[in-house]
Structure formats: structure tokens, C-alpha cells
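# Chain and residue survey
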Amino acid sequence: MSTLSAAAVAAAGGGAGGEQIAFWILAPIALAGAIGMVMSKGAVHSALWLVLTMLSLGCFYIIQEAEFLGFVQIIVYTGAIMMLFLFVLMLTGRDAGDSVIEVLRGQRVWALVIGIGLVGLVVTGLLRALGATSSVGLGEVLAARGAIGSIAAVLFTDYLFPFELTSALLITAAVGAMVLAHVERAPGEKRSQRQRVAERMRSDRMSPLPGPGVFATSSSNATPALLPDGSIAPGSVSRLVEIEESERVARRYAAGEALAELEGVDHPSRGPGNQADDATQTPDYDTYEVTDVPTTKGAAR
Amino acid sequence: MTPTHYLVLSALLFGIGAVGVLVRRNAIVVFMCVELMLNAVNLSLVTFSRMHGNLDGVIMAFFVMVVAAAEVVVGLAIIMSIFRSRRSSSVDDANLLKF
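Residues numbered from 1 in each chain as written. Chains lettered and ligands numbered in written order. Predicted model: local features only at pLDDT ≥ 70, side-chain atom pairs only at ≥ 80, totals over all residues.

Looking only at helices and strands, one finds 12 helices and zero strands in chain A. Listing the helices and strands of chain A from first to last along the sequence gives α-α-α-α-α-α-α-α-α-α-α-α. Taking all contacts inside chain A whose residues are at least 6 apart in sequence as the whole, residues at least 24 apart take part in 42%. (Helix = DSSP H or I, 4+ residues; strand = E, 2+ residues; numbered from the N terminus. Contact = placed C-beta atoms within 7 Å.)

Here we take up the overall build of chain B. Secondary structure summary: chain B contains three helices and zero strands in total. The secondary structure elements of chain B, listed N-terminal to C-terminal, are α-α-α. Residue burial in chain B is summarised as follows: out of 99 residues, 64% are buried. Relative to all contacts within chain B whose residues are 6 or more apart in sequence, the contacts with residues 24 or more apart total 46%. (Buried ≥ 20, exposed ≤ 12 C-beta atoms within 10 Å, placed from the backbone.)

To continue, consider the confidence of the model for chain B. As a general rule, the predicted coordinates of low-pLDDT regions are not to be interpreted in detail. Considering every residue of chain B, the mean pLDDT works out to 88; 94% of them sit at 70 or more. Element-level pLDDT for chain B is lowest in helix α3 (residues 56–86) of chain B, with a mean of 90, against a maximum mean of 94 in helix α1 (residues 3–23) of chain B. (pLDDT = per-residue confidence, 0-100.)

Moving on, we get to the environment of S88 of chain B. Residues and elements named next belong to chain B. With respect to the helices and strands, S88 occurs in the segment after α3. Taking the number of C-beta atoms within 10 Å as the measure of exposure, S88 has 20 and is therefore buried. When the C-alpha positions of S88 and A27 are compared, they lie 9.3 Å apart, and in sequence the two are 61 residues distant. Residues contacting S88, with those up to four places away along its chain left out, are F83 and D93.

What follows covers the interface of chain B and chain A. Counting residues at the interface gives 63 residues for chain B, matched by 73 residues for chain A. For the side of chain B that touches chain A, the element with the most residues is α3 of chain B, which contributes 20 residues.

Looking now at helix α3 (residues 43–63) of chain A. For α3 of chain A, which comprises 21 residues, the first-to-last C-alpha distance of 30 Å matches the rise-based estimate of 30 Å (1.5 Å per residue) to within 8%. One or two steps after α3 of chain A, the chain reaches E65 of chain A, where phi turns positive at roughly 65°. (Expected span 1.5 Å × (residues − 1).)

Residues L50 of chain A together with L13, I28, M32, L36 and V58 of chain B are the most contacted members of the largest nonpolar core, which totals 70 residues. Contributions of two or more residues to this core are made by α2 (15–39), α3, α4 (67–92), α6 (139–143) and α8 (160–181) of chain A together with α1, α2 (27–52) and α3 of chain B. The dominant element in this core, judged by the number of residues it contributes, is α2 of chain B, at 15 residues. (Core = buried A, V, L, I, M, F, W, Y, C linked by C-beta atoms within 7 Å.)

Turning our eyes to something else, we now look at helix α10 (residues 243–255) of chain A. Residues and elements named next belong to chain A. The terminal C-alpha atoms of α10 lie 18 Å apart, and with 13 residues this matches the ideal 18 Å at 1.5 Å per residue to within 8%. Those residues of α10 lying buried are S246, V249 and A250. Down the axis of α10, the smallest arc covering the buried residues is 95°, so these residues share one side. Within α10, the exposed residues directed more than 90 degrees away from the buried face are E244, R251 and A255. Once α10 finishes, G256 follows within two positions and takes phi at roughly 80°, a positive value. (Arc of directions from axis to C-beta.)

Moving on, we come to the packing of α2 of chain B against α3 of chain B. Residues and elements named next belong to chain B. At a minimum axis separation of 8 Å, α2 and α3 run at an interaxial angle of 175°. By the angle class used here, α2 and α3 are roughly antiparallel. Where α2 approaches α3, its residues A27, I28, F31, E35, L38, V41, N42, L45, V46, F48 and S49 are matched on the opposing element by D56, G57, V58, M60, A61, V64, M65, A68, G75 and I79. Looking at the contact of α2 with α3, its residues break down into 15 nonpolar, four polar and two charged. (Axes fitted to C-alpha atoms, helices over the stretch in contact; angles between N-to-C directions. Parallel < 35°, antiparallel > 145°, perpendicular 65-115°, else oblique. Nonpolar A, V, L, I, M, F, W, Y, C, P; charged D, E, K, R; others polar.)

Before going further, it helps to examine the packing of α4 of chain A against α2 of chain B. Each pair of packed helices can be described by the angle between their axes along with the distance between the axes. Relative orientation of the contacting elements α4 of chain A and α2 of chain B amounts to 175°, with a least axis distance of 12 Å. The angle between α4 of chain A and α2 of chain B places the two elements in the roughly antiparallel class. Only I28, M32 and V46 of chain B of α2 of chain B make contact with α4 of chain A, whose side of the interface consists of L69, F85, V88 and L89 of chain A. Of the residues contributing to the contact of α4 of chain A with α2 of chain B, the split by class is seven nonpolar, no polar and no charged.

Attention shifts here to unusual backbone geometry. Positive phi is not limited to glycine here, since E65 of chain A has a value of about 65°. With respect to the helices and strands, E65 of chain A occurs in the loop between α3 and α4.

As a further point, take the confidence of the model for chain A. All names here are of chain A. Within chain A, residue pLDDT values average 77, and 74% of them lie at 70 or more. Of all helices and strands in chain A, the one with the weakest mean pLDDT is helix α12 (residues 292–300) (40), whereas α3 scores best (93). Every residue in residues 4–14 scores below 50 in pLDDT, and together they form six contacts with partners more than four places removed in sequence or on other chains. Here residues 267–301 scores under 50 on pLDDT; set against residues more than four positions off or in separate chains, the count is 16 contacts.

Once that is clear, we can look at the environment of I243 of chain A. One can find I243 of chain A in helix α10. Linking I243 of chain A and P224 of chain A, residues 19 residues apart in sequence, is a C-alpha distance of 9.4 Å.

The next thing to look at is the environment of D93 of chain B. Residues and elements named next belong to chain B. Looking at where D93 falls in the secondary structure, it is placed in the segment after α3. Each C-alpha atom, one on D93 and one on R25, is 9.5 Å from the other, the two residues being 68 residues apart in sequence. Setting aside chain neighbours within four positions, we find D93 in contact with R86 and S88.

In C-alpha cells:
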């Protein structure tokens, strides 16, 4: 409470105190959002972390006397652009994280090293070049016509031609997006066999997908086909199955553990306890009746 | 509060975004990292504008936002069309640049 009132007093006093408090609160939030975006596994979580960063950046703009830009940041970036991102994420489907196959060996480590090096260079350069330079402030420039009026004055005089160019850019972007996202096929129209064959020949894989459960140890459809090196064959498990489940099955298989209890993965109604019975006991179809099931299970337990 | 504080924060955000572009495989997340880098540059532009008492930096940040919006629209449409032909939005899968 005391810190809050101190903050309020500092903010009311204006000047550097309030700005300092806001900076030291918002800067860690912005950094946490950025790091969370890079680290989080799901793309939707990344988008939400980025919203956090963008909101705090909007606050920074407002603190730095660029109120108009701050509100544009919040409305356009966090409102429109991030919603567009989420929209496309939902259209492409929530993928189960990134692929773990490293195409270039050691790429992540090198990326981190290069990133830290870049930041180190820029920060030391900034500190040496600027040090404790203070800012002139926009108050004088904004005083003449007000915050928005002065921006408009500059935008529509000195920057009129670039401003007109942006309109051409935006129209081009809109037309381009329509061309790229346009589907030739009407919804509900069936593709012919010829079209499907051509599509398949053009795709990466002409042969059928490997069947799930190729190593015939489990009836779960989360069971992946394994490549000779023990990794999961891509495409051998339905996209609807979470990749973590397949990894779990493959790990258990590699460890030589029983897979029976994992078979209930895609049959939520079947608890993990009674799989062993079902797997070992082949139903005798002559005498198999629905009413028998509970009693035999009870006896087995 | 000196401009250096803001500029260092901006450099950090830019670096995190750059590392994200290099590390992540999902094309949409890579795109978000590019957006983060643009935002970091915007922060430094606004800071420079205030540092020199001149509105040019604010205008420049404004233009960066417009260009970023156009870029996002076209980029996401490209990602959508790649996803439609390949059923994947991983940058490793789009390696032949064929439709």
C-alpha cells in the first residue's frame, strides 16, 4: 500500500520519479513477454506473451510523450495484428509445438551465442556513445499545435509523399492477401481422382503413410511407427493424436515396459485399470455377452 | 530516466526477437518474432525522437507500423497458402519454394 501511495505521489509530482517507477515495472514485463514468446511451446501461448510485450511497449510510448503512437500501438498491434495472428493460428490448427528434428546441428546454441553477442555489442556501444545523455523532450514541439495536431502537421507536409505511398502499399497488400488466400475450388466440390493423383505425385510422399502400431505391441492408435534409429516416423500417427502421447509410447517401448496401460489413451471411457484384462483375454464370440463383462472383470480383480 | 535505459531495453527486445527467428520452426511464431524486432526498433525510434525533441522519429515509427501491418497481412496469407498445400506451417517443410 505504501509503495502504491508512493507511486501515486511520484506520478502526481510528474517528472522523473513516476517515469522511473513505470519503467522499472514495465521493462521486466516487456522482457518477460518476449522471453516467454520465444520459450513457450504452443504458438497460441507465444501470441499471448507477445500481446503482453506489445501492451507494455504501448505504455512506454505514452510515457515518452508519444501518446498517439501509444494508442495506435495498442489498437492496431495488440488489437488488430495479434488478433489476425490468432485467427491464422486457429485456421492452421494448433500444432503440437515445434518439430524437434534439428536440421542444422548446434543451431540453437549458436543462435543463442549470436543473439547474446549482438545484444552485448549494441548495449556496450550504446552505453559508450550515449552514457547519461538526457533527452530534450517533445514538450516544446508539441506545444504549438497539440499532440495530434503537430504529428499531423509533419505527416501531411514533410512526409506527404511517403504517406501517399503507404496507401498504395496497403492496397497492394490487401489485393495480395486476397490473391494468396483465394481458393479455386468451391466449398463442397469434390476433387476428381485425376486431381488427387496429380496432387499426390507433386507432394513429398507418393507412397502411403506408414501405419500406426507397426511394431504390433499395442492397439493404441497413439503407437507410432519407429524409424531404424528409434525416432518416430513422421506421419505414422494421426494428426489428432497429441505428439506427446506417441513419444510416451515410444519411450516406454524403448525401455521395455508394458504398453497395455497406455492403450486407453484414445478411449477415455476405458480406464487404465482394465486394459490388461482386455488385451490378454480374447473375447470368445460364442459366449460373449454384454452382461458377462462386469462379472468376469470383477472376478479378475 | 535517460534515453539509454529505453535504448538498452530496445536492444534486448531486438536480440530476443532475433534469437527467436533463428530458433523457432513454426512459421507463425517466426513471424511474431519479426514483429517483436520491429516493435523494438519502434521503441528506439520513439526514444530518439524524444531525445532530440523532434517529431521525425515518431513519424518514422508510424510508418514502420503501417509497413508491418501490410507485411503481416501478406505474410500470413503466404503462410496460409503454404499450409494449404503442405498441411504444415513449419519452416523446415517449405524447402522447395514450389506451390
